[in-house]
Amino acid sequence: MASLQDQLRGLVYSTEHGDICPECREPLADCRCEEAAEDERLASLDGIVRLRRETKGRKGKGVTLVEGVPLKAEALKALAKELKKRCGTGGALKEGVIEIQGDQREVLKGELEKRGYKVKLAGG
């Protein structure tokens, strides 16, 4: 990590290349920071998909979180869309975690096992 002085003095735009990535100092067209972060996320997974229900910070409304799915971002987005359609509810994809509204653990467990994933129910 660069010092604060280096971060503040860094080039952010070049008339030749356009915007510059603040992490790797490459033009945004050549930047591979997102791809490297995605590969790191995939490498840290253990192959088990975890389903948990969470209400904290949601005014008592529960959501089901699907964590640990070993897919790249585009495939994960497509899976989230299919799971939301299967449950008939809304949801979101945030930082590699699929959020499905309501307590949908049993439906999701069956659907993910049908697709060949090893699934565990985690948390409360």
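Please refer to the structure placed before this passage.
The model shown is predicted, which means the values in this text are computed figures rather than measured ones.

Let's hear about the nonpolar core: which residues, and what values?
Grouped together as the largest cluster of nonpolar side chains are 16 residues, with contacts concentrated most on Val66, Val69, Ile98 and Leu112. Put simply, the parts of the chain that give this core at least two residues each are strand S3 (48-54), helix H3 (73-87), strand S6 (97-101) and helix H4 (105-114). Considering every element that reaches this core, the biggest residue donor is H3, with five residues. Contact partners of Leu112, with chain neighbours within four places excluded, come to Val49, Leu51, Val66, Leu79, Leu83, Tyr117 and Val119.

Before we move on, could you go through the packing of H3 against H4 and cite the residues and values that matter?
Where H3 meets H4, the closest approach of the two axes is 10 Å, and the angle between their N-to-C directions is 130°. Between H3 and H4, the crossing angle belongs to the class labelled oblique. In the crossing of H3 with H4, the sense of the turn from one axis to the other is right-handed. Each of Leu79, Leu83, Arg86 and Cys87 in H3 lies in contact with H4, whose residues at this interface are Val107, Leu108, Glu111 and Leu112.

Scoring rules and cut-offs
- Residues numbered from 1 in each chain as written.
- Predicted model: local features only at pLDDT ≥ 70, side-chain atom pairs only at ≥ 80, totals over all residues.
- Heavy atoms only, no water.
- Core = buried A, V, L, I, M, F, W, Y, C linked by side-chain atoms within 4.5 Å.
- Buried < 20%, exposed > 50% of the residue type's maximum accessible area, 1.4 Å probe, protein only.
- Helix = DSSP H or I, 4+ residues; strand = E, 2+ residues; numbered from the N terminus.
- Contact = heavy atoms within 4.5 Å.
- Axes fitted to C-alpha atoms, helices over the stretch in contact; angles between N-to-C directions.
- Parallel < 35°, antiparallel > 145°, perpendicular 65-115°, else oblique.
- Left-handed = near helix turned anticlockwise from the far one by under 90°.

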